[in-house]
Amino acid sequence: MNNLTRRNLITRSAAVTGALLFAGCSQSPAIAAAGPFEVRKTEAEWRRQLGPARYNILREGGTEPPYTSPLLKEHRRGTFVCADCALPLYSSTTKFESGTGWPSFWQPLPRAVAESRDSTLGIVRREIHCRRCGGHLGHVFDDGPKPTGLRYCMDGLALAFRPT
């Protein structure tokens, strides 16, 4: 089995497991531990602003099914921003096709993201949050392209795209 196929299998399994684990949670423990954040709202305010799917990802640490994000096909120049608070997170120049089913980047913008430890799947991963509001964005892995060797694997629903 080649690496791309193995990665697809692992990420799809992780997505399904993650969705099941996070269903019904009030907030990801990693999100709570990573705070405090500049933007704070009540649970009701977040739910009203985000809607159910985005709330599950951004506030509860859920994930979307792979290959479902329209942002996978977004190739224009611009900036990917937090769907919670609109903080610029990633330049389109750092986006790459990872084959995992989620938008991937090799580097965030300066002071855009915060990181916490996530062990919800029985393995330790590096969870990525919006630095300003704490929204769960995804995870970072050490199997990305040069120059950083990192793969910031982000949930498309956690992001919005602003073309330049």
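This report concerns the structure included in the present document. (Residues numbered from 1 in each chain as written. Predicted model: local features only at pLDDT ≥ 70, side-chain atom pairs only at ≥ 80, totals over all residues. Heavy atoms only, no water.)

1. A look at the sheet that holds strand 6 (residues 125–130)
With respect to topology, 6 strands assemble into an open sheet ordered 3-4-8-7-6-5, the strand pairing being antiparallel. Looking at the sheet topology across the chains shown, the edges are occupied by strand 3 (95–96) and strand 5 (113–118). Sheet topology places strand 5 next to strand 6; 6 bridges connect them, and they run antiparallel. In the sheet register, valine 113 faces strand 6, and the bridge partner there is cysteine 130. (Pairing = 2+ DSSP bridges. Helix = DSSP H or I, 4+ residues; strand = E, 2+ residues; numbered from the N terminus.)

2. A closer look at the environment of glycine 134
Locating glycine 134 in the fold gives a position in the loop between strand 6 and strand 7 (136–141). Among the residues examined, glycine 134 registers a relative accessible area of 0% and is labelled buried. Note: C-alpha distance between glycine 134 and glutamate 38 (96 residues apart in sequence) is 8.5 Å. (Buried < 20%, exposed > 50% of the residue type's maximum accessible area, 1.4 Å probe, protein only.)

3. Some points on the side chain of serine 69
Structurally, the position occupied by serine 69 is in the loop between helix 3 (43–58) and strand 1 (78–82). The exposure class assigned to serine 69 is buried, which follows from its relative accessible area of 8%. A polar contact is formed between the side chain of serine 69 and the backbone nitrogen of leucine 71, at a distance of 3.0 Å. Each residue touching serine 69, except ones within four places of it in the same chain, is listed here: Glu64, Pro103 and Gly156. (Polar contact = N/O pair within 3.5 Å; in protein donor to acceptor, adjacent residues only side chain to side chain. Contact = heavy atoms within 4.5 Å.)

4. Quick word on the sheet that holds strand 2 (residues 88–91)
If you trace the 3 strands from one edge of the open sheet to the other, you get 2-1-9, paired in antiparallel fashion. Only two strands of the sheet have a single neighbouring strand rather than two, namely strand 2 and strand 9 (159–163). Sheet twist, expressed as the mean angle between neighbouring strand axes with direction ignored, is 30°. The pairing of strand 1 with strand 9 spans 5 bridges and is antiparallel. When the bridges of strand 9 are listed, valine 81 appears paired with alanine 160. (Axes fitted to C-alpha atoms, helices over the stretch in contact; angles between N-to-C directions.)

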